[in-house]
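Okay, here's what each chain looks like letter by letter:
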Amino acid sequence: HEPLQLRRWDSASDKLRLYAADNAGVRPANSGPAAAIAADSSGDLWLGFRNCLARCREGRFEWFFTGAGAIHGPVNALHLDRLGRLWIASALGGLYRMDEPASAHPQITQYAITEGLSSNEILCLTEDQWGRIYAGSNRGVDRLDPGSSVVHHYTAADGLSRGAVALAYRDHEGALW
């Protein structure tokens, strides 16, 4: 497959500049194109792929959660919460939380159906002003309180439109969309 390259727009020169490249070809097989991106509190960029995550630090890509301990399924969305934790929405494994994304060997915690989610296919993420995480799926929206791990399900019976909830956003006034 093609070497992975990440480019950044340089407004001063009005050009795209190469920011990082995986010229060594260590990108995991079948990773596919990046589908999600987020920046952590240290300024590192995280990219979500079909079967893994990459952190772009100092112009290099570092690959995480390949093989044992892998994220199950494609990464659909990434969200950095107010405490600096990275949340990962997976198409097959539910929701993952990385408490220290800047650490050399970040650990993840998984939330799936067995932990109370209504689906293991999470399509989108956002956070409310109290730090609760909202995960959209084909079964509505799950609100997860990270402190207690309590999950509340919202469906069409609560006023949601029928069908998948594929986008989520919190605006500057705190309203969830």
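On a predicted model such as this, the values are computed, not experimentally measured, just so you know.

This next bit is on the side chain of Asp128. Mapped onto the secondary structure, Asp128 falls in the loop between β11 (122–127) and β12 (133–137). Residue class for Asp128 comes out buried when judged on its relative accessible area of 3%. For Asp128, the side chain forms a polar contact with the main-chain nitrogen of Trp130, separated by 2.9 Å. When sequence neighbours within four positions are dropped, the list of residues in contact with Asp128 reads Tyr134, Arg170 and Leu176.

Let us now look at the sheet that holds strand β3 (residues 36–39). Strand order in the open sheet formed by four strands is β3-β4-β5-β6, with antiparallel pairing between adjacent strands. In the strand order of this sheet, the two ends are held by β3 and β6 (60–64), each with one partner. Averaged over all neighbouring strand pairs, the angle between strand axes comes to 25°, with direction disregarded. Pairing of strand β5 (residues 53–57) with β6, which is carried by five bridges, proceeds in the antiparallel orientation. Bridging across to β6, Arg55 finds its partner in Glu62.

What follows is about the side chain of Ser118. Here Ser118 is to be found in the loop between β10 (108–111) and β11. When sequence neighbours within four positions are dropped, the list of residues in contact with Ser118 reads Ile113, Ser137, Arg139, Asp142 and His153.

Burial analysis of β5 places five of its five residues in the buried class, which makes it a mostly covered element. Across the two faces of β5 the burial is the same, with Leu53, Arg55 and Arg57 and Ala54 and Cys56 all buried. Pairing between strand β4 (residues 45–48) and β5: four bridges, direction antiparallel. From the neighbouring strand, Trp46 faces β5, where its bridge partner is Arg55. Where β4 folds back onto β5 in an antiparallel hairpin, the turn is made up of four residues. From the end of β5 to the start of β6, which pair antiparallel, there are two residues, and Glu58 there has a positive phi angle of about 50°.

Quick look at the packing of aromatic side chains now. Per the stated rule, a full pass over the model turns up three aromatic pairs. The interplanar angle of 25° and the centroid separation of 6.2 Å between the aromatic rings of Phe61 and Trp63 together place this pair among those described as stacked. With relative accessibility at 17%, the residue Trp63 sits in the buried group. Consider the rings of Trp87 and Tyr111, whose centres lie 5.8 Å apart with planes at 25°: the pair is stacked. Within this pair, whereas Trp87 is found in strand β8 (residues 86–90), its partner Tyr111 is found in strand β10, the two being separated by 24 residues in sequence. There is no split in this pair, since Trp87 and Tyr111 are both buried. An aromatic cluster is built from Phe49, Phe61 and Trp63, whose rings are joined through pairwise contacts.

The subject of this paragraph is the sheet that holds strand β9 (residues 95–98). The four strands are arranged β7-β8-β9-β10 in an open sheet whose pairing can be described as antiparallel. Of all strands in the sheet, those bounded by a partner on one side alone are β7 (75–80) and β10. On average, each strand axis in the sheet is inclined to that of its neighbour by 20°, with strand direction left out of account.

With that settled, the discussion passes to the layout of surface pockets. Estimated volume of the largest pocket: approximately 220 Å³. Lining of the largest pocket is provided by 15 residues; of these, Tyr134, Val141, Leu160, Leu176 and Trp177 occupy positions nearest its centre. Of all the elements in the fold, those that place two or more residues in the lining of the largest pocket are β11 and β12. The class makeup of the residues in the lining of the largest pocket is 11 nonpolar, three polar and one charged.

What counts, and where the lines are drawn
Residues numbered from 1 in each chain as written. Predicted model: local features only at pLDDT ≥ 70, side-chain atom pairs only at ≥ 80, totals over all residues. Heavy atoms only, no water. Helix = DSSP H or I, 4+ residues; strand = E, 2+ residues; numbered from the N terminus. Buried < 20%, exposed > 50% of the residue type's maximum accessible area, 1.4 Å probe, protein only. Polar contact = N/O pair within 3.5 Å; in protein donor to acceptor, adjacent residues only side chain to side chain. Contact = heavy atoms within 4.5 Å. Pairing = 2+ DSSP bridges. Axes fitted to C-alpha atoms, helices over the stretch in contact; angles between N-to-C directions. Phe/Tyr/Trp six-rings, centres within 6.5 Å; stacked < 30°, edge-to-face > 60°. 1 Å grid on protein atoms, 1.4 Å probe; cavity = no way out; pocket = protein on both sides within 12 Å on 5 of 7 lines; lining within 4 Å. Points joined across faces, edges and corners; volume = space filled by probe spheres on them. Nonpolar A, V, L, I, M, F, W, Y, C, P; charged D, E, K, R; others polar.

Shape is all these values report; function is a separate question.
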